[in-house]
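Analysis of the macromolecular model
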Amino acid sequence: MLLGASLLGVLLFSKLVLKLPWTQVAFSLLLLYLGSGGWRFVRIFIKTIRRDVFGGLVLLKVKAKVRRYLRQRRTVPILFASTVQRHPNKTALIFEGTDTHWTFRQLDDYSSSVANFLQARGLASGDVAALFMENRNEFVGLWLGMAKLGVEAALINTNLRRDALRHCLTTSRARALIFGSEMAPAVFEIHGSLDPSISLFCSGPWEPSLVPASTEHLDPLLEDAPKHLPSRPDKGFTDKLFYIYTSGTTGLPKAAIVVHSRYYRMAALVYYGFRMRPDDIVYDCLPLYHSAGNIVGIGQCLLHGMTVVIRKKFSASRFWDDCIKYNCTIVQYIGELCRYLLNQPPREVEKRHKVRMALGNGLRQSIWTEFSGRFNIPQVAEFYGATECNCSLGNFDSQVGACGFNSRILSFVYPIRLVRVNEDTMELIRGPDGVCLPCQPGEPGQLVGRIIQQDPLRRFDGYLNQGANNKKIAKDVFSKGDQAYLTGDVLVMDELGYLYFRDRTGDTFRWKGENVSTTEVEGTLSRLLDMADVAVYGVEVPGTEGRAGMAAVANPTGSCDLEHFAQLLEKELPLYARPIFLRLMPELHKTGTFKLQKTELRKEGFNPAAVKDPLFYLDARKGRYLPLDQEAYTRIQAGEEKL
C-alpha cells in the first residue's frame, strides 16, 4: 500500500509540480520501483496494470452513477422506467415453462396493475408483502409492482415448510402473502397459525378447495386493476427494496435487507466488469428468491435492457437445448450446476449454442478448464459476493480458479482485505495495537470489507434481526475505530492479487495437526466418484485431537467400489485429508441454491445405531474401507482402533 501511494505521489509531483517530461517521469518511477520493491514489483506491475486499470475504471463508473442516483433519489422502478422508454417493444422476459414472452411494456403494465391493486387493498409505502412462488415472469412483475408502490417484498424460499416458513412470514411482518398455486399445500399447512389479518392471494391455476378459505384468486383481480403508474412513493436510492432470506443451513433463515442502491450496484458491477451488452440474452435457471437469480440475472433486464430467459428449475438434460432454442449468449450458474452438466453424457447439442459467457460463483478450480473446454465457453465470469456483503469481487479476465482480485499496486483503492484468523477457532488475530493483521500472498485469511455507511458501495444494510448484524461486524480491523463486515469465508491471494476461495468459516477442521479444507476434499472426492454429490465434514472421536473427516456420498445405485476408491485416494489426497468415515446415502439434501446441508449430518455422526445408511471406516493398517458395524464402533469409541 505504501509503495503504491509513493508511486502515485511521485507521478503527480513530477508532472503537476515539476512539470517534467514523460521520459524523466518514467525514469523516476523506475528508480522508485527498484529502490522499494525490486524487479518483483516491476513484474507484478507489468502483469496486473491492465487488469487493475480496467477494474478501477469499472469501479469509478459505477461509483459515479451511484452518486448521481443517490442525489436524484432514483429507485429501481424509476431506472426500469428509463429502460421501458428506450425499447418498450423489445422482449424483456421469456418463461421457458410456457414459452410466454413479455415485452418491457407488458412487464411495466403488469407491475403497475400490481401496485394499483395493492394500493386499493390498503397497502402503502413501508408495508411488507410476502412472495412465495416458483420462477416465472409473474414473480418479477409482482415484486417490481410492490416496489412501485413502496411496498417491500419478502422473497420466501420455496423449499421452506412449516416452522421455517412461518418464521419468515412472522419476522417480516407481512400484511399480505401472494403465493403460487403450486405452493398452496405449504400455505395450507401453516394457515391456522398465521395472523388472521394477513391477506392471502393465489396466482396461477385456481382450485378453491386446495387453498385456505380466505384466499382470493389474484390473476383476475390484476386484470381488472388500472395499469397507470401509481404516484411515486417517498423512497430514495438507499431505502429498502426487498428482503432475501439466507438458505438456513444452520438454524432458521435470516432476512437480509436489499436496498435499491445495493440492487443497482450488484447488477451494474457485473454488467460493466464482464463487458456485457444490451443485446445479450441471459439464461436464468437459478431461484428468483435469491440474489444470483433475481439481482445478477433479472437486474440485467430491468436496468440494462437485456432479454432474460427464466426457467422454473435447473435441468441438466435440457440446459443446452434451451440455450439453443432461445439464442442465449450468457448462462448463469452456481458451482454445483457445472458439475451436474459435466456429469451428463456428451451430446452434439452442447457445442451448437451461441453462449459466450458463463456467469456465476462457486465453480471449482478442479473442473474449471474441463467445463469451459467441453462446452466451448470462451469466458467464465466468476464472481464472489453475498446478498448482504459489501466486498464483492469479480474475475474480470477469466483467471482459472479465481473468484476475483484486488490490486497489489494500489490496494487501498478498494477497501477489502484478507486478515489472519486462528486456525482452530477462526477468531480474528490482532496485533499489539489491537488492529487485525493482514495476510501475505499465499496465506489464507478471512475476507473483510471496510464499512462506510455514507457510501452506497461500502455500506452494510444487514438483516432485520439486529442480533444477526452484530455477528457480522468487527471493530478495529483496518485501523483503530473502524468497522468491517465479516464474510465468514476464507480466501487466499496469490502474488498478483488474484483471490481464490478456500472455505467457509466453520467448514475447515483440524486432523493430525493439519487443517483440512472441506471444499477441496469435496471437489476431489466428487471427481473420483464421477461427479457424485459429496458432503465432507469433521466429526469428534473420543481420545483424539481435532476432528476426523467424514464424507456423505450420494450413491443411489449402491455400486460404489470402495476398494478402488481407497486406492485412488492414496494418490490424490494426503493421509490427513482422506475421510476416515464414509456414509453412502440415496441422495444428499440441498438448499434451493444447491448448497449441501451438513448440520444434521454432523449431528448424526458415525454411530451405526443412529444412522441407517451404510457406514464404513478407513482401516489405517490395511488402507481399505471396512464396514462400520456396532462392534467396530465400540472399538473406535474405546480407542482400540487406529485411525
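Now for a description of the structure that goes with this document. Everything quoted here is computed from the prediction, not taken from an experiment. (Residues numbered from 1 in each chain as written. Predicted model: local features only at pLDDT ≥ 70, side-chain atom pairs only at ≥ 80, totals over all residues. Heavy atoms only, no water.)

Moving on, we get to the overall build of the protein. The secondary structure content of the protein amounts to 19 helices and 28 strands. Scaling as 2.2 N^0.38, a compact globule of 643 residues should have a C-alpha radius of gyration of about 26 Å, and the protein matches this with 26 Å. With the C-alpha coordinates of the protein rotated into their principal frame, the extents come out at 80 × 75 × 55 Å. Burial analysis of the protein (643 residues in total) assigns 57% to the buried set. A total accessible area of about 27,700 Å² is found for the protein, and carbon and sulfur atoms account for 52% of it. (Helix = DSSP H or I, 4+ residues; strand = E, 2+ residues; numbered from the N terminus. Rg over C-alpha atoms; globule rule 2.2 N^0.38 Å. Buried < 20%, exposed > 50% of the residue type's maximum accessible area, 1.4 Å probe, protein only. Areas by Shrake-Rupley, 256 points an atom, 1.4 Å probe, with all protein chains shown as cover.)

Read across the open sheet, the 8 strands follow the order β2-β1-β11-β10-β12-β13-β14-β15; overall the sheet is mixed. In this open sheet, the two strands that pair with only one neighbour each are β2 (100-103) and β15 (393-394). Bridge count between strand β12 (residues 330-334) and strand β13 (residues 357-361): 5 bridges; the pairing is parallel. Paired with Gln332 across the two strands is Leu359, which belongs to β13. With respect to the sheet, helix α6 (residues 137-149) is in contact with β1 (91-95), β2 and β11 (307-310), its orientation differing from that of β1 by roughly 130°. (Pairing = 2+ DSSP bridges. Contact = heavy atoms within 4.5 Å. Axes fitted to C-alpha atoms, helices over the stretch in contact; angles between N-to-C directions.)

Among the structural elements, Ile452 can be located in the loop between β18 (445-450) and α15 (466-470). For the pair Ile452 and Gln483, spaced 31 residues apart in sequence, the C-alpha to C-alpha distance is 8.0 Å. If near-sequence neighbours (up to four positions away) are discounted, Ile452 is found in contact with Arg458 and Arg459.

Looking now at helix α11 (residues 291-304). Relative to the 20 Å expected for 14 residues at 1.5 Å per residue, α11 spans just 17 Å between its end C-alpha atoms, considerably shorter than the ideal helical length. Ile298 marks the point of greatest bend in α11, at about 40°. With respect to burial, α11 is a largely interior element, 14 of its 14 residues being buried. Immediately downstream of α11, the backbone of Gly305 shows phi near 80°, a positive value. (Expected span 1.5 Å × (residues − 1). Bend = angle between axes of the 7 residues up to and from the residue.)

Next up on the list: the pairing of strand β14 (residues 379-384). Burial within β14 is extensive, with 6 of its 6 residues counted as buried. Side-chain alternation along β14 places Gln379, Ala381 and Phe383 on one buried face and Val380, Glu382 and Tyr384 on a second face that is also buried. Taken together, the 4 bridges between β13 and β14 define a ladder with parallel strand orientation. The residue bridging Met357 from the neighbouring strand is Gln379, located in β14. This β-α-β element, β13 to helix α14 (residues 365-374) to β14, shows right-handed connectivity. Of the strand pairs in this sheet, β14 and β15 are connected by 2 bridges, and their pairing is antiparallel. (Right-handed = clockwise from strand over helix to strand, strands pointing away.)

What follows is about the pattern of salt bridges. Tallied over the entire structure, the rule returns 38 salt bridges. Here Glu495 ties to Arg43 by a salt bridge, and the two come within 2.6 Å at their closest N and O atoms. Within this pair, whereas Glu495 is found in the loop between β20 (483-493) and β21 (498-504), its partner Arg43 is found in helix α3 (residues 38-71), the two being separated by 452 residues in sequence. Since its relative accessible area comes to 38%, Arg43 is described here as partly exposed. Residue Lys480 pairs with Asp476 through a salt bridge whose shortest N-O separation is 3.8 Å. By relative accessible area, Lys480 is classed as exposed at 56%. One salt-bridge network, held together by shared partners, links Arg621, Glu631, Arg635 and Glu641. (Salt bridge = Lys/Arg side-chain N within 4 Å of Asp/Glu carboxyl O.)

Per the counting criterion, the structure on display carries 24 aromatic pairs. Taken together, a centroid distance of 5.2 Å and an interplanar angle of 85° make the contact between Tyr69 and Tyr264 edge-to-face. Separated by 195 residues along the polypeptide, Tyr69 in helix α3 and Tyr264 in helix α10 (residues 260-273) bring together distant segments of the chain. Judged on exposure class, the residue Tyr69 and its partner Tyr264 are both buried. Members of the aromatic cluster, each reached through a chain of ring pairs, are Tyr283, Phe314, Phe319, Trp320, Tyr333, Tyr340, Phe371 and Phe375. A cation sits over an aromatic face here: Lys254 above Tyr463, 5.4 Å from the ring centre. Positioned over the ring face of Phe54 is Arg275, at 3.8 Å from the centre of the ring. (Phe/Tyr/Trp six-rings, centres within 6.5 Å; stacked < 30°, edge-to-face > 60°. Lys NZ or Arg CZ within 6 Å of the ring centre and 35° of its normal.)

Inspection of every chain in the model, using the stated rule, returns 0 disulfides. As a non-bridged cysteine, Cys403 has Cys391 as the owner of its nearest cysteine sulfur, 10 Å distant. What makes Cys403 buried here is its relative accessible area of 4%. Between Cys439, a free cysteine, and Cys436, which holds the nearest cysteine sulfur, the sulfur-to-sulfur gap is 10.0 Å. Judged by its relative accessible area of 10%, Cys439 falls in the buried class. (Disulfide = S-S within 2.5 Å.)

Okay, the environment of Pro627 next. Among the structural elements, Pro627 can be located in strand β28 (residues 624-627). The spatial distance from the C-alpha of Pro627 to the C-alpha of Pro614 is 7.7 Å, given a sequence separation of 13 residues. Apart from residues no more than four positions distant in its own chain, Pro627 is found in contact with Leu615, Phe616, Tyr617 and Ala632.

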